[in-house]
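Here's the letter readout for the chains.
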Amino acid sequence: MDFYKYLNKFIIYPLYYFKSGDKRLQHLKQLEINKALPKADLEKLQLKKLKSIIEYAYENTPYYRELFDAISLKPSDINTLKDIEKIPPLSKQNIQAAGKLMLSSEYDVTSLMKDASGGSTGEPTVIYRDLLCHQLRHADPIRHDRWSGWDIGDRFALIWGAQRDLKATKSIKEFIISRFIARIWELDAFEMNKNKMDSYVANLERIQPKMILGYASALVAFSNFLIKHHPDHNISPSGIISSAEMLTEDMRVIIEKAFKCKVLNRYGSREVGLIASECKQQTGLHINADNVFVEVVKDGKPVPIGGNGEILVTDFSNHGMPLIRYKLGDMGCLSVDSCSCGITLPLMKSVDGRVADFFVSNEGTLVHGEYFTHLFYGIEEVEKFQMIQEKIDLVTLKIVSKNSDKSTSYLKYVEKKTKEILGDKCVLDICFVDTIAPSASGKFLFTMSKVSH
């Protein structure tokens, strides 16, 4: 029996966040109420939050004041959820061009939390959020994680990108919070070879996590490894959550075969956090509708529910850098269906999101494409990038740059980290280009490997 989970759930976890002034648990209580709100009440809540963030953005953010004044729009003109369509969508290019004008004048930039996204379009975007938004955002996945069978106090495993090679090693305090308060066991998805995956099997059998969360393609790679090398493993989570990439039905079948439990699809982004998640009914992804407003449009106009189009998201809680009708670069489809699970949050039928590819090192190790995306976080002069593994020892890097100077220091860093992960013999061929075309399928691949896995 894991007696520590009860001590953690009822004493350690709530006491730590209470003493630190973090409001995630108070927010979580309200989220659990909101998930069962009647449709009319939920839409009323959404409208209240939408009007609030729009008014705040106009009053405190130079970018939005200039945008609204240019089209003679006032916050008081937004009286229904449909009225949001009067506001022009926000693109990554808008954010890059506006820079600090996107930030609220109520905050000193040093008090905001800086983050960055490579995005599914390979366009590095620097974003900021205020501390309260950061705290509240941590409550969202707790509500949705519970649908897998996990709860606060339970162990869970994370098959994700290891950050230790990309920034300073975690402090002892961060490790203690991660391991003994959040109870997370991290497994490196950036490098997956037989020795490492054998160790993952041993660790997972030992700790028996209630939930495993990971990149879709990393979960598939590990599942195939289990099926081939450890068919009799006794890893038995209550649920698997696939995130950060598009999960196809073929991928879901492989993961469920390996772990013998439900695989729940999740959609989110670094810019706005969790957007939608499946429950175990798997009838669609429940939108995190009390925290974000999701639209699907085509050529700037709303798509009838059930139709496919571009996803726009409005974040209700980020006052440090409001994001209203933000274009994530993904395609999706809303659903008219309701779920039999009792959760009344509206559904997304499907999401055609990020597609990554594994690179192969000269030792045969699979390297997740996210490794390379992380190398560009925070590099504001890069408008867009794409990395293509042409051969085992040759990688082409295409860059659309804001600067005419091509001798920037970040390139040495990217080259160094590429050689570290793929091998010293790997050559990085850097090409500065004006544009980067999508693949034949129409989907932009920010990483692509032509080497057999």
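Scroll up for the structure.
What comes next concerns the included structure. Because the structure is a prediction, the values reported are computed rather than measured. (Residues numbered from 1 in each chain as written. Predicted model: local features only at pLDDT ≥ 70, side-chain atom pairs only at ≥ 80, totals over all residues. Heavy atoms only, no water.)

Before going further, it helps to examine the overall build of the chain. Secondary structure summary: the chain contains 13 helices and 20 strands in total. Radius of gyration (C-alpha) of the chain: 22 Å, near the 22 Å computed for a compact globule of 453 residues. In terms of overall dimensions, the chain has a C-alpha envelope of 60 × 60 × 45 Å along the principal axes. Sorting the 453 residues of the chain into buried and exposed places 53% on the buried side. By sequence separation, contacts in the chain at least 24 residues apart represent 69% of the contacts at least 6 residues apart. Within the structure as shown, the chain displays about 20,400 Å² of accessible surface, and the carbon and sulfur contribution to it stands at 55%. Charged side chains of the chain number 60 positive and 57 negative; the gap between the two group centres comes to 4 Å. (Helix = DSSP H or I, 4+ residues; strand = E, 2+ residues; numbered from the N terminus. Rg over C-alpha atoms; globule rule 2.2 N^0.38 Å. Buried < 20%, exposed > 50% of the residue type's maximum accessible area, 1.4 Å probe, protein only. Contact = heavy atoms within 4.5 Å. Areas by Shrake-Rupley, 256 points an atom, 1.4 Å probe, with all protein chains shown as cover. Lys, Arg positive; Asp, Glu negative; His and termini not counted. Charge placed at Lys NZ, Arg CZ, Asp CG, Glu CD.)

It is worth spelling out unusual backbone geometry at this point. Leave glycine aside and you will find that most residues have negative phi; peptide bonds, for their part, are mostly trans. Look at S72: it is not a glycine, yet its phi comes out positive at around 55°. Here S72 is to be found in the loop between α4 (62-70) and α5 (92-98). Taking the relative accessible area as the measure of exposure, S72 reaches 66% and is therefore exposed. Phi is positive for Q208, close to 45°, though the residue is something other than glycine. Its relative accessible area of 29% is what places Q208 among the partly exposed residues.

Turning our attention to empty space enclosed by the protein. This model, assessed by the stated rule, comprises one cavity of 30 Å³ or more. Here the largest cavity is characterised by a volume of approximately 60 Å³. Lining the largest cavity are H27, L136, R137, D140, V272, N291, V292, D315 and S317. Tallied by class, residues from the lining of the largest cavity come to three nonpolar, three polar and three charged. (1 Å grid on protein atoms, 1.4 Å probe; cavity = no way out; pocket = protein on both sides within 12 Å on 5 of 7 lines; lining within 4 Å. Points joined across faces, edges and corners; volume = space filled by probe spheres on them. Nonpolar A, V, L, I, M, F, W, Y, C, P; charged D, E, K, R; others polar.)

Next up on the list: helix α3 (residues 39-60). In this model, α3 (22 residues) spans 31 Å end to end at C-alpha, consistent with the 32 Å of a helix rising 1.5 Å per residue. All of the buried residues in α3 are L42, Q46, L47, L50, I53, I54, Y56, A57, Y58 and N60. Residues of α3 that are buried make contact with α4, β10 (292-298) and β12 (308-315). (Expected span 1.5 Å × (residues − 1).)

What follows concerns the sheet that holds strand β13 (residues 326-334). Spatial strand order, β4-β3-β5-β6-β7-β8-β9-β14-β13-β12-β10-β11: twelve strands in an open sheet with mixed pairing. Two strands close off the open sheet at either side, each with one partner strand: β4 (184-188) and β11 (301-302). Bridge count for strand β7 (residues 262-269) against strand β8 (residues 273-278) is four bridges, and the pairing is antiparallel. The residue of β8 that forms the bridge with Y267 is A276. (Pairing = 2+ DSSP bridges.)

Moving on to the packing of α3 against α4. For the pair α3 and α4, the least separation of the axes is 6 Å and the interaxial angle reads 100°. The pairing of α3 with α4 is recorded here as roughly perpendicular in orientation. Where α3 approaches α4, its residues I54, A57, Y58, E59 and N60 are matched on the opposing element by P62, Y64, R65, F68 and D69. (Axes fitted to C-alpha atoms, helices over the stretch in contact; angles between N-to-C directions. Parallel < 35°, antiparallel > 145°, perpendicular 65-115°, else oblique.)

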